[in-house]
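# Chain and residue survey
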Amino acid sequence: QVQLVESGGGLVQAGASLRLSCAISGRTFENHALAWFRQAPGQERIFVATISWNDGDTYYLDAVKGRFTISRDTAKNAVYLQMTSLKPEDTATYYCAASPFAALVAKMPGHYDFWGQGTLVTVSS
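Fair warning: this is a prediction, and the values are worked out from it, not measured in the lab.

Cut-offs and rules
- Residues numbered from 1 in each chain as written.
- Predicted model: local features only at pLDDT ≥ 70, side-chain atom pairs only at ≥ 80, totals over all residues.
- Heavy atoms only, no water.
- Helix = DSSP H or I, 4+ residues; strand = E, 2+ residues; numbered from the N terminus.
- Rg over C-alpha atoms; globule rule 2.2 N^0.38 Å.
- Pairing = 2+ DSSP bridges.
- Axes fitted to C-alpha atoms, helices over the stretch in contact; angles between N-to-C directions.
- Disulfide = S-S within 2.5 Å.
- Buried < 20%, exposed > 50% of the residue type's maximum accessible area, 1.4 Å probe, protein only.
- Salt bridge = Lys/Arg side-chain N within 4 Å of Asp/Glu carboxyl O.
- Core = buried A, V, L, I, M, F, W, Y, C linked by side-chain atoms within 4.5 Å.

Turning to the overall build of the chain, a few remarks are in order. Broken down by element type, the chain carries zero helices and eleven strands. Along the chain, helices (α) and strands (β) appear in the sequence β-β-β-β-β-β-β-β-β-β-β when read from the amino end. Radius of gyration (C-alpha) of the chain: 13 Å, near the 14 Å computed for a compact globule of 125 residues. The dimensions of the chain, computed from C-alpha atoms along their principal axes, are 40 × 25 × 25 Å.

Following this line, the structure appears as structure tokens:
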């Protein structure tokens, strides 16, 4: 059974940092894109960042460029999202996901086949 399990969310003040982790079990994701999406209450789930499992190429939502860094550890079968200079508008549930499409094009939820259950990030002002 394939599982993606997120952790690392929490309540922080604006300007703080958090590191989200996504532990993958049940398979490996060669030739896939691994991504983080987020969904705020009452809003659509949106793309935040994606990384190519094979070569590590990364792509980001403009609003998080320079503040967030996505990475993967192929030995641990895990994906991470380092978030710095957090803002209240970053408040959302963050989801890890895997797509068979290339990271360059995999920017929509419909591109992703596997999802975690989400981890809540709350940034207070």
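Moving on from the model shown.
The next subject is the sheet that holds strand β7 (residues 68–73). Consider a sheet: its strands pair through backbone hydrogen bonds, and that pairing is either parallel or antiparallel. The sheet built from four strands is open, its strands ordered β1-β3-β8-β7 with antiparallel pairing. Here the strands that pair on one side only, and so sit at the sheet edges, are β1 (3–7) and β7. Looking at each pair of strands side by side, their axes are set apart by 15 degrees on average, direction ignored. Bridging between β1 and strand β3 (residues 18–25) involves five bridges; their strand directions are antiparallel. The residue bridging Glu 6 from the neighbouring strand is Cys 22, located in β3.

Taken as a whole and assessed by the stated rule, the structure comprises one disulfide. Across a sulfur-sulfur distance of 2.1 Å, Cys 22 and Cys 96 are joined as a disulfide pair. What sets the handedness of the Cys 22 and Cys 96 disulfide is the S-S torsion sign, and at about -80 degrees it is left-handed. Placement of the pair is Cys 22 in strand β3 and Cys 96 in strand β9 (residues 92–99), with a sequence separation of 74 residues. Across the pair, exposure class does not vary: Cys 22 and Cys 96 are buried alike.

Turning our eyes to something else, we now look at the pattern of salt bridges. Enumeration over the complete set of coordinates arrives at three salt bridges. Across the pair Asp 62 and Lys 65 runs a salt bridge whose closest N-O atoms are separated by 3.0 Å. On the accessibility criterion, Asp 62 (60% relative accessible area) is exposed. Taken together, the shared-partner salt bridges in this structure form one network comprising Arg 38, Arg 67 and Asp 90.

Moving on, we come to the environment of Val 105. For Val 105, the location among the structural elements is in the loop between β9 and β10 (114–115). Classification of Val 105 by relative accessible area gives partly exposed; the value is 46%. The sequence separation of Val 105 and Ser 125 amounts to 20 residues, and the corresponding C-alpha distance is 34 Å.

A few words now on the nonpolar core. Of all hydrophobic cores here, the largest spans 28 residues; its most connected members are Trp 36, Val 79, Leu 81, Met 83 and Tyr 94. Mapped onto this core, the elements with two or more residues apiece are β3, β4 (33–39), β5 (46–52), β7, β8 (78–83), β9 and β11 (119–124). Counting residues in each nonpolar core, the second largest holds eight residues, with Ala 33, Phe 37, Ala 97 and Tyr 112 among its members.

Read these as spatial facts, not as claims about activity.
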